[in-house]
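Residue-level structure breakdown
Here's the letter readout for the chains.
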Amino acid sequence: MRDQPPPTPHGPAPDLFTWEFAANPYPAYAWLRRHTPVHRTKLPSGVDAWLVTRYADARQTLADNRLSKNPAHHDEPAHAKGKTGIPGERQADLMTHLLNIDPPDHTRLRRLVSKAFTPRRVAEFAPRVQELTDDLIDRFTAGGSGTADLIHEFAFPLPIYAICDLLGVPREDQDDFRDWAGMMIRHGGGPRGGVARSVKKMRGYLAELIHRKRQALPAEPVPGEDLISGLIRASDHGEHLTENEAAAMAFILLFAGFETTVNLIGNGTYALLTHPEQRERLQRALAEGDCGLLETGVEELLRYDGPVELATWRFATEPVVIGGQRIETGDPVLVVLAAADRDPERFADPDTLDLGRRDNQHLGYGHGIHYCLGAPLARLEGQTALATLLTRLPDLRLAADPAELRWRGGLIMRGLRTLPVEFSPPRSGQT
């Protein structure tokens, strides 16, 4: 926390949450960082909340145990009832996941889930991610038109099919998950009812699937066992996840995992296509077999225009001072990751895309005990998708004026609605 109060604002604050803001929020965030770094605003939903925009304040806020993740601590007026969190999760009895709970329940659940969602499991999944990536590129290049919408034909289906495979959703059911996930993305900035209906359908399916897997679970783990079976099997001192906890965890891995990766691939590809010198730099490194720039490059894309614009909700359990501003008990607090990761007090030339940036402790996947559990999987998918696209389609280019592209409305996520591209169709037999 800062010892000095923030400077007095000069002039009116910029408009937030408009379509123009969604296209490029960074100038508005720079104004907030400079003039009112902890800023109270009315969100499009009607909820009043505090926005934290400076890196140092953001990092401290993300780790402050006086800020609860449990919506029960929200001192919400009647008009705001149920307008925080994921639409429909309360009605679907899906509240007991890692984004909504605090220690000690959070500690217990995270430890149990970590036993199933291990780095080794993610690493072993790499060949399947590569197979899915190649298959999707084969599909949209097969027609020979040399055009595609990279969001709907690539960035969207890749993480859906990947997380379904990892969880153990049968192949014949995965298109249902794609439909439900599509409803979530299409309605992300609009009426919450469409998302809530998809959440309800997904909840019912997961409950049935978990029950079936529990009934058929072998006494000992088998090679390549899926993640839902791992969640069912995970135990700590004899304590297991309940079926409801397992359903909530599978749901949040799907819900939080797929859209962040859609946006990582979409935003990342867009950034590379609009920064040709950086894109060519990465292509040269990949051609030389150097994956180091790919790894630092994905971290820079996460910082520069990441998939998660605001961290999920927090609620003050007692009066808290952040950046010189007093936050009252029950007030919602939203950390603006996109603003913190462009803070010039932390990052040199923050508005410059530099794929080789080394000192890059960005907050794209959070910080503290709520650091994203699925970050290794998202990084794997992002690195695989971008490297394969740039290698297989070396002349990939935008097929639209950047000013014409539309960004999805919504509060937490940041992503493109479409990403039309052109490329030279691969010759027959070329992969």
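Residues numbered from 1 in each chain as written. Predicted model: local features only at pLDDT ≥ 70, side-chain atom pairs only at ≥ 80, totals over all residues. Heavy atoms only, no water.

1. A look at the overall build of the protein chain
Each helix and strand in the protein chain was counted, giving 16 helices and 12 strands. For the protein chain, the residues scored as buried account for 56% of the 431 residues in total. For the protein chain, the proportion of contacts with a sequence separation of at least 24, taken over those separated by at least 6, is 73%. Summed over its atoms, the accessible surface of the protein chain is roughly 18500 Å², and 51% of this surface lies on carbon and sulfur atoms. (Helix = DSSP H or I, 4+ residues; strand = E, 2+ residues; numbered from the N terminus. Buried < 20%, exposed > 50% of the residue type's maximum accessible area, 1.4 Å probe, protein only. Contact = heavy atoms within 4.5 Å. Areas by Shrake-Rupley, 256 points an atom, 1.4 Å probe, with all protein chains shown as cover.)

2. Digging into the nonpolar core
Counting 72 residues, the largest nonpolar core has F117, F140, F154, L167, F177 and L419 as the members making the most contacts within it. Counting 40 residues, the second-largest nonpolar core is a separate cluster that includes Y26, I322, A339 and M413. (Core = buried A, V, L, I, M, F, W, Y, C linked by side-chain atoms within 4.5 Å.)

3. So, the pairing of strand β1 (residues 38-42)
By the bridge criterion, five bridges tie β1 to strand β2 (residues 48-52) in an arrangement that is antiparallel. Residue T41 lies in a different strand from β2, and its bridge partner there is A49. In textbook terms, the turn of a hairpin is the stretch between consecutive antiparallel strands, and for β1 and β2 this stretch comprises five residues, one of which, G46, has a positive phi near 95°. (Pairing = 2+ DSSP bridges.)

4. With respect to the sheet that holds strand β3 (residues 67-68)
Strands sit in the order β1-β2-β10-β7-β3 across an open sheet of five strands; the sheet is mixed. If you trace the sheet from one side to the other, it starts and ends with β1 and β3, each paired once. The pairing of strand β7 (residues 314-316) with strand β10 (residues 332-335) spans two bridges and is classified as antiparallel. The residue bridging F315 from the neighbouring strand is P332, located in β10.

5. Concerning the environment of L112
As for its position among the elements, L112 is in helix α4 (residues 105-116). Under the relative-accessibility criterion, L112 is labelled buried at 0%. Sequence separation between L112 and R233 is 121 residues, and the spatial gap between their C-alpha atoms is 9.3 Å.

6. Remarks on the packing of helix α14 (residues 292-305) against helix α16 (residues 375-392)
Between α14 and α16, whose axes approach to 10 Å, the crossing angle comes to 110°. If you check the angle between α14 and α16, you find them roughly perpendicular. Contacts from L294, E295, V298, E299 and L301 in α14 reach R379, G382, Q383, L386 and A387 in α16. (Axes fitted to C-alpha atoms, helices over the stretch in contact; angles between N-to-C directions. Parallel < 35°, antiparallel > 145°, perpendicular 65-115°, else oblique.)

7. Here we look at the packing of helix α8 (residues 157-167) against α16
Taken N-terminus to C-terminus, the directions of α8 and α16 make an angle of 135°; their axes are 11 Å apart at the nearest point. Judged on the interaxial angle alone, α16 and α8 are oblique. Here α8 and α16 pass one another in a crossing that is right-handed. Touching L158, P159, A162, I163 and L166 of α8 are L377, E381 and A385, all from α16. For the contact of α8 with α16, the residue count by class is seven nonpolar, no polar and one charged. (Left-handed = near helix turned anticlockwise from the far one by under 90°. Nonpolar A, V, L, I, M, F, W, Y, C, P; charged D, E, K, R; others polar.)

8. As for the confidence of the model for the protein chain
Mean pLDDT over the protein chain: 87, with 87% of residues reaching 70 or higher. In this model, residues 1-7 is a region of pLDDT below 50 whose contacts with residues beyond four sequence positions or in other chains number 22 contacts. The model gives residues 187-193 a pLDDT under 50, and that stretch makes 12 contacts with residues more than four places away or in other chains. (pLDDT = per-residue confidence, 0-100.)

9. Brief notes about the packing of aromatic side chains
Summed over all chains, the structure comprises 11 aromatic pairs. Residues Y55 and F347 carry aromatic rings whose centres are separated by 5.5 Å and whose planes lie at 90° to one another, so their mutual orientation is edge-to-face. Within this pair, whereas Y55 is found in helix α3 (residues 55-62), its partner F347 is found in the loop between α15 (337-340) and α16, the two being separated by 292 residues in sequence. An identical accessibility class is assigned to Y55 and F347; each is buried. Chaining the aromatic ring pairs together yields one cluster made of F17, F21 and Y29. Stacked on the ring of Y304, the Lys or Arg R342 has its end atom at 4.2 Å from the ring centre. (Phe/Tyr/Trp six-rings, centres within 6.5 Å; stacked < 30°, edge-to-face > 60°. Lys NZ or Arg CZ within 6 Å of the ring centre and 35° of its normal.)

10. What to know about the sheet that holds strand β4 (residues 147-149)
Strand order in this open sheet of three strands is β4-β12-β11, and the pairing throughout is antiparallel. Single-partner strands in this sheet number two, and they are β4 and β11 (397-398). As judged from the two bridges shared by β11 and strand β12 (residues 420-422), these two strands associate in the antiparallel manner. Each bridged residue has a counterpart across the sheet, and for L398 the counterpart in β12 is V421.

11. What about the environment of I210?
Within the secondary structure, I210 is located in helix α10 (residues 192-216). Between the C-alpha atoms of I210 and I228, which are 18 residues apart in sequence, the distance is 6.9 Å.

12. A word on the pattern of salt bridges
Across all of its chains, the model carries 25 salt bridges by this definition. E245 serves as the salt-bridge partner of R108, at 2.5 Å between the closest nitrogen and oxygen. Placement of R108 in helix α4 and of E245 in helix α12 (residues 243-273) is noted, with a sequence separation of 137 residues between them. Two residues, R392 and D138, come together in a salt bridge whose shortest N-O distance is 2.7 Å. In this pair, R392 sits in helix α16 while D138 sits in helix α6 (residues 126-141), placing the two residues 254 residues apart along the sequence. Three or more residues joined by partner-sharing salt bridges are found here, namely R128, E131, D165 and R171. (Salt bridge = Lys/Arg side-chain N within 4 Å of Asp/Glu carboxyl O.)

13. Comments concerning α8
Judged by how many residues are buried, α8 sits mostly within the fold: 11 of 11 residues are covered. Turning to α8, its buried residues number three or more, namely P157, L158, P159, I160, Y161, A162, I163, C164, D165, L166 and L167. Looking one or two places after α8, you find G168, whose phi comes out positive at around 100°.

14. Side note on the side chain of H275
Mapped onto the elements, H275 comes out in the loop between α12 and α13 (276-287). For H275, a relative accessible area of 17% puts it in the buried group. With residues up to four places along the chain from it excluded, the contact list for H275 reads Y304 and L353.

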